Every structure is written in C-alpha cells, then in structure tokens.
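Coordinates in review
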Amino acid sequence: MFGTLTTFPGGLFNDFDRLQRELDRLFVDSVSGPASIRAVARGSFPAVNVGVTPEAVEVYAFMPGVDPKSLDLSMQDGLLTLAGERTTEAPVDEAKGSVYQKERFSGPFKRVVSLSEDIDPDKIEARYENGVLHVRALKKAAVKPKQIEIK
Amino acid sequence: MSDKQSLSTQKAGASGEPMATLRPPVDIFEDEAGITVIADLPGVSKEALNVKVDGDALTIEGDASIAAPADIEVRYSEVRTPRYRRSFTLSRELDAEKIEAHLRDGVLKLRIPKSDAARPKRIEIQTA
C-alpha cells in the first residue's frame, strides 16, 4: 500500500489500517488454528514463533534494534520469559522538525512462552542475529523419542 | 530442505499469485535537511534487503530468513510471512540520488536529503 512520507498519524488511512487489523483479528483464527494461551494481541512486541524438533524447542523472537545486553531471559517451570526494553531514537527535535509516523514499538516489553516439554534448564542457548533472538532449549534425554527396535 | 528454511514459509499459490507481504512498522521524521525513515525488518540480512526508487516511488523490500533446523515442526507462529514490503511516494524536493541506507540488528534507517534548492532559507527582514 502506498502512503506518502508526510502523512500525519491518526489520519483517515490509519483508521483504515486499524480496521484491517481488527478484521484480521476476527478472521485469522479460523485459518491459523489454536493459539497459545499466552499469545498476545497482534502487533505486540516482540512477535514470537515456536517450533519443536525431536531434540529441542526452538523459539524465535522478532525483536529488531534491541541491545542483547539489555535482555533478561529466564526459564522456570517450562516457561521461558523474555524481558527487555527497546529505546527508539527521535532523530529530530520535535519542536524544530516534524514527526509523521511513529509506529515502531518503544519501551519495556515482556513475553512468556510455554515450552511445555521437559526442558533441561542447563541446556538453553540464545543467539541474536539480524534482530531475531533464537532460543534453543534442549529436551531432557528421557523425553527424546526413542526408536524401538522390533525383533 | 536447507537449514536456512524459514519457520514462516508461505509458498505462492500454484497460480503464481503474488506472495503476501508484511507491512513493516516505520517511524518517519523530517528536519530542515531531509527525511529519516526507520523501519523494523527483523530477520532481514543486508543481502536480502532491497531499497529502490522508481520515479517518485520509494520501495523497501526484504526477505526474512531464520536458520531453523530442517526437521522443525511449527508449534505456533505470529510471523507467518517471510517477506516485508512497503512503499512511499516521494515528493519533488527530496533528492532520491542521495539516499543513504543503514541496516543494523534488523532495523533499517534511511536518510533522504532534500535537494539544496529545497532547503528552507531564512529571509532577512530589512529595517528602515
């Protein structure tokens, strides 16, 4: 969709945009299936994707522009908590310049993701690359699927 | 399957219809010398980012890729579309030739300077 660079927030098009988001929220569930009970509203920061492999649970949190040192990652009772803060710069003095759009998230955030498998809390690795935090939590040996040999 | 497979891969339909894209959130500021556009493009590397100006249309496009293991089974995903796209119409006083782009930690910062002729000039007021 085209917008000009110089549209002020809160205009008519923003209303359309909001309407679109509302519609998405109403209808998207029918195609996307069940959500996590800890899922948050669309557009919340950071968005999270979760996948599992036979060895681990993989969590991808889309958090561009966050200083990894400011992140607080913790794991308790199978719940992974990601907390931190994102500060966004305001490159102009608002009195001298103009601000047309401020859509990017700014401020503290916290997300809780249920890993629900038997995770070994000592075997969690996290890596931040291109604005995506990837947490790999290895399952305890006992819960890994075992191939049973048929004799 | 490559290990650069995206967790949120959404294939284009067999009919070749265009792939759905995500509209990245932006901040846009203007000062006397130009306009700054900041866009969130998590998962996009420098190589997968495309910023182009065609006539007066500025388009930001990027493909997100996350290194997911090949045998991953998606539990749930909030980001389902691995492609970002957003376009803007530039105005005449902006100098599209001199756009600077920086990408860091999934945040794109574009600086679009105004052409010299378009910068505001202070008008001297003469007193008698």
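Each chain carries its own residue numbering, running from 1 in the direction its sequence is written. Here chains are named by letter from A upward and ligands by number from 1 upward, in the order in which they appear as written. Given that the model is predicted, a residue must reach a pLDDT of at least 70 before its local features are reported, and side-chain atom pairs must reach 80 or more before they are shown or counted; all residues, however, enter totals for whole chains, interfaces and linings. Hydrogens and water molecules were not included; the side-chain quantities draw on all heavy atoms of the structure.

So, on to the sheet that holds strand β5 (residues 73-77) of chain B. Spatial strand order, β8(A)-β9(A)-β3(A)-β2(A)-β5(B): 5 strands in an open sheet with antiparallel pairing. For this open sheet the edge positions go to β8 (119-129) of chain A together with β5 of chain B, each flanked by a neighbour on one side alone. Averaged over all pairs of adjacent strands, the angle between strand axes in this sheet comes to 20°, irrespective of strand direction. At least two bridges found by DSSP between two strands are what make those strands a pair. The numbering of helices and of strands both runs from the N terminus, where a helix is a DSSP run of H or I of at least 4 residues and a strand a run of E of at least 2. Axes here refer to lines fitted to C-alpha atoms; in helices the fit is confined to the stretch in contact. Angles between the N-to-C directions go from 0 to 180 degrees.

On to the sheet that holds strand β5 (residues 79-86) of chain A, then. Either a parallel or an antiparallel arrangement is found when strands of a sheet pair, and the pairing is made through backbone hydrogen bonds. Residue and element names in this part refer to chain A. Read across the open sheet, the 3 strands follow the order β4-β5-β7; overall the sheet is antiparallel. Pairing within the sheet leaves two strands with one partner each, and these edge strands are β4 (72-76) and β7 (107-114). Pairwise comparison of adjacent strand axes, ignoring direction, gives a mean angle of 15° for this sheet. Bridging between β5 and β7 involves 8 bridges; their strand directions are antiparallel. From the neighbouring strand, T81 faces β7, where its bridge partner is V112.

This part takes up the packing of aromatic side chains. Residue and element names in this part refer to chain A. For Phe, Tyr and Trp, where Trp contributes only its six-membered ring, two rings pair if their centres lie within 6.5 Å, and the inter-plane angle classes them as stacked under 30 degrees, edge-to-face over 60, or tilted in between. Enumeration according to the criterion identifies 3 aromatic pairs over all chains in this entry. Ring geometry for F45 and F109: centres 5.2 Å apart, planes at 70°, overall edge-to-face. A residue pair is termed long-range when its members are at least 10 positions apart, and F45 in the loop between α2 (29-32) and β2 (47-52) and F109 in strand β7 qualify at 64 residues. By relative accessible area, which is 11% here, F45 ends up buried. Ring geometry for F105 against F109: centres 6.3 Å apart, planes inclined by 70°, an arrangement best described as edge-to-face. Partly exposed residues are those whose accessible area sits between 20% and 50% of the maximum for their type, while under 20% is buried and over 50% is exposed, using a 1.4 Å probe and protein chains only. For F105, a relative accessible area of 26% gives the class partly exposed. Under the relative-accessibility criterion, F109 is labelled buried at 6%. A connected cluster of aromatic rings, assembled from ring pairs, spans F45, F105 and F109.

Along the polypeptide, T53(A) turns up in the loop between β2 and β3 (56-62). Residue class for T53(A) comes out buried when judged on its relative accessible area of 5%. Only heavy atoms enter the contact rule, under which two residues are in contact if any of them lie within 4.5 Å. Excluding residues within four positions of it along the chain, T53(A) makes contact with E58(A), K139(A), P69(B), D71(B) and I72(B).

On to the interface of chain A and chain B. Taken together, the contact pairs 54 residues of chain A with 49 residues of chain B. Once two parts are joined, some of their accessible surface, as seen by a 1.4 Å probe, is lost; buried area is that loss totalled over both. Here chain A and chain B share an interface that buries about 4,200 Å² over both sides, 55% of which is from carbon and sulfur atoms. The salt bridge criterion pairs a side-chain nitrogen of Lys or Arg with a carboxyl oxygen of Asp or Glu, the two atoms within 4 Å. Our count for the contact surface shared by chain A and chain B stands at 5 salt bridges. Here D40(B) makes a salt bridge to R86(A), at a shortest N to O gap of 2.8 Å. We call two N or O atoms a polar contact when they sit within 3.5 Å, provided that within protein one can donate a hydrogen and the other can accept it, with sequence-adjacent residues counted only if both atoms are side-chain atoms. Linking chain A with chain B are 18 residue pairs in polar contact (both at pLDDT 80 or more). Contributing elements (two or more residues each) for the side of chain A that touches chain B: β1 (2-4), β2, β3, β6 (98-102), β7 and β9 (132-139) of chain A. Of the residues that constitute the side of chain A that touches chain B, the class distribution is 25 nonpolar, 18 polar and 11 charged. Pairing geometry for β2(A) and β5(B), over 4 bridges, is antiparallel. Counterpart to V50(A) in the pairing with β5(B) is Y76(B). Amino acids are sorted into nonpolar (Ala, Val, Leu, Ile, Met, Phe, Trp, Tyr, Cys and Pro), charged (Asp, Glu, Lys and Arg) and polar (every other residue, Gly among them).

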